[in-house]
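# A closer look at the structure
Letter by letter, the chains look like this.
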Amino acid sequence: MKNKLTIGILSALILQGMAAEQGMNEMWGESTVKLRAENAARGQLFDEGNYAMFIHWGLYSQLGNKVDGKTYYGIGEWIMNPRMAGIPVEEYKNLAKTFNPKKFDAKAIAKLAKDAGMKYIIITSKHHEGFAMYHSKACDFNVVDATPWAKDPMHELAEACRAEGLGFGFYYSHNQDWTFPGGNRGPTTDEKGNPATFDDYFVKKCLPQVEEITSNYGPIEIVWFDTPGNMPKKYVQQLVDVVRKNQPNALVSGRAGHGLGDYQSLGDMEVPHKNVDGMWESVDTTNDSWAYAWYDEYWKTPKEILRRLIACVGRGGTYMLNIGPRGDGSVPERAARSLEESGAWIRRYPQVVYAADASPWEHALPWGDVTVKGNRLYLSVFEWPAGGKLYLPGLKTKIASAKLLLGEKSSAVPYESAHGWTILGLPPVAPEKLVSVIEIELAGEPEVVPTFGVDPDIGTEILADFASVAGAELSQKRWMEKFGEWKSVHHVHDWTADAKATFEVSVLEPGDYIVSLTYAGEGRLVWGVDVVGGEHIQNQQNSSHNYQEFPIGWINFPEPGTYAVAVSFLEGDPALASLKSIHFAPAR
Ligand code: H79
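Now for a description of the structure that goes with this document. (Residues numbered from 1 in each chain as written. Predicted model: local features only at pLDDT ≥ 70, side-chain atom pairs only at ≥ 80, totals over all residues. Heavy atoms only, no water.)

## Describing the overall build of the chain
Of regular secondary structure, the chain possesses 12 helices and 30 strands. For the chain, the C-alpha atoms occupy an extent of roughly 80 × 55 × 45 Å along the three principal directions. For the chain, the residues scored as buried account for 60% of the 588 residues in total. Put simply, 73% of the contacts in the chain that link residues at least 6 apart link residues at least 24 apart. A total accessible area of about 22,800 Å² is found for the chain, and carbon and sulfur atoms account for 50% of it. Side chains of the chain carry 56 positive and 73 negative charges; the gap between the two charge centres is 5 Å. (Helix = DSSP H or I, 4+ residues; strand = E, 2+ residues; numbered from the N terminus. Buried < 20%, exposed > 50% of the residue type's maximum accessible area, 1.4 Å probe, protein only. Contact = heavy atoms within 4.5 Å. Areas by Shrake-Rupley, 256 points an atom, 1.4 Å probe, with all protein chains shown as cover. Lys, Arg positive; Asp, Glu negative; His and termini not counted. Charge placed at Lys NZ, Arg CZ, Asp CG, Glu CD.)

Here you go:
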């Protein structure tokens, strides 16, 4: 169990740098400061399951990002927004008349989540566009009263989840409502042309609907409020009170706003690089859009799903991964296949994911990642070392045993230590196709020096997140790759003349290493790299506005030990130079 205090990570990010388009606060809500123990009764599936299914499904799924023959790229549930297709309210409402998802199969979806290894499902009961995907008495713009299908899929899905032993819960857009008068970004007048206020929307629709979703579908795991914007606290409080009254065991998402949620939600699609304390979750999607988009065939492979899931568990959090069913209710086959294949792996190695805790290294390692259970470390090896040795830097606790797992079988792994590193002897070929697992049982609690090791065998990338920076700025930068598709980096920018971004590294094998930098900028740039107290190299390379890796040169570490490696910006436009990471690869 993790009983640490939640740090206000969102506020910290806001301090470090604002989102390009808007404050993180307005988009995703404030942080919560809660003791994990306070929520122990609530959210056990969240805390121990570590993996959930998110579903975005609504009228927008019918369009799949194509309107009047034109394709709009970005997150499909925003299709109505002026920055996408800009569909007028009445026109959007008409979509209900053709919503007839005959292929919706609640049991198949629950089974998919179960086979994927997920522990609960959270589905959109109402997204920003205001259409209720359940039978609402508060507003007839809903799936039963407004569509020819006239069925409430949420009863079936809630039941199917229970039959599979899964938890169930709802996403609800509490602040934005684009079709109901008074909702945020919604019509500002009612049907009669009278001005409508947020209070009108809240009293007539939002509060009664949250009553409904928390009363009519049995026990609920989470009410997943989103994008609180500048919604006043008194409203959020009322919603939270309703959830507490009707669902005392449900969690309220951090994006309820005003710190009233039970846990932290990181930014959309954000898998953190450093351990994050407290209860938190990353939400992500199997392709690039949340809701179904006809063109979006860029799926996460089973291995990528495992990489992101294990990264979240390894950083101390929970991962919720989305599917966007089509307008006919069917689930895109490639999403299902990736989920099933990664799920089959999780069934072989449940100990890596469930009730597992954060890595004592506090970040990923060059070959993979680590999760922990008591005195056992689980090393998930994504890049199998060709040289037959796996290098583990900084482990201080004595090892009791090390074994390579193969499902329930295992074989002993020889190990030795040198200069603070543990070197494990491995067979030349990975036993698992996706990710192989090594279990290390320690003689005591895991203790680690989390300094980055320069791996003697494979490349080591160290992100700017881990640099100590003087004379320049280190902050998070977020941008939308496509509309609503968020990406982020921590970068070093606004370089002054003597600025340095310094990385502390531990070296096991002395010798030459190829140093590359990943950066963005304009024109040719000159960067310097120093082993502090040792060699200096510098070089000119090109740049582009996208982050790209460029080699700088070879550098020597004369003997095993700890070094500081300092990066400096020597020539070019310092306003545009943005350093994302440094990379070391053995020169041989
Ligand atoms: O449901 C998914 C998204 O639809 C929803 N959250 C996930 C889980 C989400 N809604 N809003 N956001 C995420 C943040 C989006 C902010 C922006 Fe904008 C939309 C930035 C630019 C377009 C709104 C309009 C804020 C600034 C301009």
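## Here's the deal with the nonpolar core
One finds Met53, Ile79 and Leu339 to be the most contacted residues of the largest nonpolar core, which totals 120 residues. Taken domain by domain, the makeup of this core includes at least three residues from each of domain 1 (9–353) and domain 2 (368–450). When neighbours within four sequence positions are excluded, Ile79 is seen to be in contact with Tyr60, Leu63, Asn65, Val67, Tyr72, Met84, Ala85, Gly86, Ile87 and Tyr92. Ranked by size, the runner-up nonpolar core spans 34 residues in total, among them Trp495, Ala501, Tyr519 and Phe569. (Core = buried A, V, L, I, M, F, W, Y, C linked by side-chain atoms within 4.5 Å. Domains from an automatic or database assignment.)

## Section: the site of the ligand
Contacts to the ligand come from 21 residues, most closely from His56, Glu77, His127, His128 and Asp226. His56 is positioned with one of its side-chain polar atoms (N or O) 2.6 Å from an oxygen atom of the ligand. Contact distances for the ligand include 3.1 Å between an oxygen atom and a side-chain N or O atom of Trp78. Taken together, the residues of the shell around the ligand break down into 10 nonpolar, 5 polar and 6 charged. Each of domain 1 (9–353) and domain 3 (460–586) accounts for three or more of the residues forming the shell around the ligand. (Near = heavy atom within 4 Å. Polar contact = N/O pair within 3.5 Å; in protein donor to acceptor, adjacent residues only side chain to side chain. Nonpolar A, V, L, I, M, F, W, Y, C, P; charged D, E, K, R; others polar.)

Purely geometric numbers; function is a separate question.
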